[in-house]
Amino acid sequence: MTDVERREVALVDLLDRLLAGGVVVTGDITLRIAEVDLVRIDLNALISSVGPKVSSPFGEPT
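To keep things clear, this report deals only with the structure shown in the data block. Owing to the predicted nature of the structure, the values given are computational and were not obtained by experimental measurement.

### Regarding the overall build of the protein chain
Looking only at helices and strands, the protein chain has 2 helices and 2 strands in total. When the helices and strands of the protein chain are listed from N to C terminus, the series reads α-α-β-β. Across the 62 residues in the protein chain, those meeting the buried criterion constitute 0%. Taking the intrachain contacts of the protein chain between residues at least 6 apart in sequence as the baseline, contacts between residues at least 24 apart amount to 20%. Accessible surface, the protein chain as shown: approximately 6,100 Å² in total, 59% of it carbon and sulfur.

### Considerations on the pairing of strand E2 (residues 36-47)
Bridging between strand E1 (residues 23-33) and E2 involves 11 bridges; their strand directions are antiparallel. Bridge pairing in E2 places isoleucine 29 opposite isoleucine 41. Count of turn residues in the E1/E2 antiparallel hairpin: 2 residues, of which alanine 34 carries a positive phi of about 55°.

The rules we used
Residues numbered from 1 in each chain as written. Predicted model: local features only at pLDDT ≥ 70, side-chain atom pairs only at ≥ 80, totals over all residues. Heavy atoms only, no water. Helix = DSSP H or I, 4+ residues; strand = E, 2+ residues; numbered from the N terminus. Buried < 20%, exposed > 50% of the residue type's maximum accessible area, 1.4 Å probe, protein only. Contact = heavy atoms within 4.5 Å. Areas by Shrake-Rupley, 256 points an atom, 1.4 Å probe, with all protein chains shown as cover. Pairing = 2+ DSSP bridges.

Distances and angles like these do not, on their own, reveal function.
Encoded structure:
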């Protein structure tokens, strides 16, 4: 095993790295019975951190 394969990353560190740059999650779920689509769910999500340097996309609270 190489050093890269042995390297462990804590969950907190992984979340910190992902939220610092942002993550886009996409997916499709279809419930189908006898080749008939009954329910279809499309997921599109942007997950990012918000702070003093990164403003909120929703504007200032009133």
